[in-house]
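Chain residues, written in single-letter form:
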Amino acid sequence: MRHLTLILALLTPGLTSAAVVSEELNYTVAGQSYRGYLAYDDAASTPRPGVLVVHEWWGHNAYARQRANMLAGEGYVALALDLYGDGRNTDHPKQAQAFMQAAIQQPGAIAARFEAARTLLAAHPASDGSRLAALGYCFGGAVVLNAARAGSELLGVISFHGSLGSGVPIQPGVHHPRILVFNGEADPFVPPEQVAAFRQEMQAAKLDLRYIGYSQAKHSFTNPGADAIGKAHGLPLQYDRAADQDSWNQTLDFLSALFWH
């Protein structure tokens, strides 16, 4: 179903409001149904670069869709994908953990679901399948970094407060996307030793990495709802407006350089 959504206000000051078309895209992977959300400006006369949006461990929720809308307002075709199936999402950490564990315990399942969404975005008539990137938040940040390690057909990936450790080895001899990482250096889920190991891993493999750390930022620093969820469940989550705005502005610069220069 298509509907016209008027984006009247965005999180980041300075972004202009834009009318974007959004579509619910239902697709299947290994016999299971998944629910994607595609947003783009249908006034564009030619296919536009595409960006995958990979959700936090909470699942395919309104926050992921909001980020897709924000990207569409900047002229991109954005697909908020679904890694759990049927658009599952929650605001309770026990359920989120269960969703995530069920997904990662199936060998190759996350990679297959990611690649199915990438193929779906590449094939959409509004997008230019030769110019694709992916960005992810929290769990989604780890997913896009693993896609980069595996040599997914993307030009770039961006991780926001995602786990940097991985059991996924970097595949040699294939194309690897450029990588941009935003990390909260006060995030207890990503300790300094994990950051150091990640940067060494990227350097050893000669991957194109840009790492940006925010000294006072904690986990989920881009999500305005983080404080309330953290307080409700005793989790070290905290929104940081300055880090959110800076990381988004740098993301737009990164995508512009990736696709247009």
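What comes next is a walk through the structure. Just so it is clear, the structure is predicted and the values come from calculations on it, not from any experiment.

## Thoughts on the overall build of the chain
Point 1. Across its full length, the chain holds 7 helices and 9 strands.
Point 2. For 261 residues, the compact-globule formula gives about 18 Å, and the C-alpha radius of gyration of the chain, at 17 Å, lands near that figure.
Point 3. Considered along the principal axes of its C-alpha atoms, the chain spans approximately 50 × 45 × 40 Å.
Point 4. Counting all 261 residues of the chain, 54% fall into the buried class.
Point 5. When contacts within the chain are restricted to residue pairs at least 6 apart in sequence, long-range pairs at least 24 apart make up 65% of them.
Point 6. Accessible surface, the chain: about 11,400 Å² in total, of which carbon and sulfur atoms supply 53%.

## Section: the layout of surface pockets
Point 1. In this structure, the largest pocket occupies an estimated 700 Å³ of space.
Point 2. The wall of the largest pocket is formed by 34 residues, among which Met100, Ile104, Phe139, Ala142 and Val143 lie closest to the centre.
Point 3. Sorting the residues of the lining of the largest pocket by element identifies helix 2 (93-104), helix 3 (109-123) and helix 4 (139-150) as the ones contributing at least two each.
Point 4. The dominant element in the lining of the largest pocket, judged by the number of residues it contributes, is helix 4, at 6 residues.

## So, the side chain of Arg113
Point 1. The residue Arg113 is located in helix 3 in this model.
Point 2. One buried charged residue, Arg113, remains without a salt bridge, the closest side chain of opposite sign being Asp82 at 7.2 Å.
Point 3. With near-sequence residues (within four places) excluded, Arg113 lies in contact with Val29, Gln32, Tyr34, Leu83, Tyr84, Ala103 and Gln106.

## A few points about the environment of Leu121
Point 1. Locating Leu121 in the fold gives a position in helix 3.
Point 2. A C-alpha to C-alpha distance of 8.2 Å links Leu121 and Val77, two positions 44 residues apart in sequence.
Point 3. Beyond its immediate stretch of four places on either side in the chain, Leu121 contacts Leu38, Gly50, Val51, Leu52, Val77, Leu79, Ser127 and Leu132.

## Things to note about the pattern of salt bridges
Between side chains of opposite charge, a pair can form when the charged atoms approach closely.
Point 1. Enumeration according to the criterion identifies 7 salt bridges in this entry.
Point 2. A salt bridge links Glu115 to Arg118; the shortest N-O distance between them is 2.8 Å. One end of the pair is Glu115 and the other is Arg118, both in helix 3 and 3 residues apart, which spans about a single turn.
Point 3. We classify Arg118 as buried; its relative accessible area is 11%.
Point 4. Linking Asp208 and Arg178 is a salt bridge whose minimum nitrogen-to-oxygen distance equals 3.5 Å. Remark: Arg178 occurs in strand 8 (residues 178-184) and Asp208 occurs in the loop between helix 5 (192-204) and strand 9 (209-214); sequence separation between them is 30 residues.
Point 5. A relative accessible area of 44% means that Asp208 is categorised as partly exposed.

Basis of the calculations
- Residues numbered from 1 in each chain as written.
- Predicted model: local features only at pLDDT ≥ 70, side-chain atom pairs only at ≥ 80, totals over all residues.
- Heavy atoms only, no water.
- Helix = DSSP H or I, 4+ residues; strand = E, 2+ residues; numbered from the N terminus.
- Rg over C-alpha atoms; globule rule 2.2 N^0.38 Å.
- Buried < 20%, exposed > 50% of the residue type's maximum accessible area, 1.4 Å probe, protein only.
- Contact = heavy atoms within 4.5 Å.
- Areas by Shrake-Rupley, 256 points an atom, 1.4 Å probe, with all protein chains shown as cover.
- 1 Å grid on protein atoms, 1.4 Å probe; cavity = no way out; pocket = protein on both sides within 12 Å on 5 of 7 lines; lining within 4 Å.
- Points joined across faces, edges and corners; volume = space filled by probe spheres on them.
- Lys, Arg positive; Asp, Glu negative; His and termini not counted.
- Salt bridge = Lys/Arg side-chain N within 4 Å of Asp/Glu carboxyl O.

Bear in mind that shape data such as this cannot, by itself, settle questions of function.
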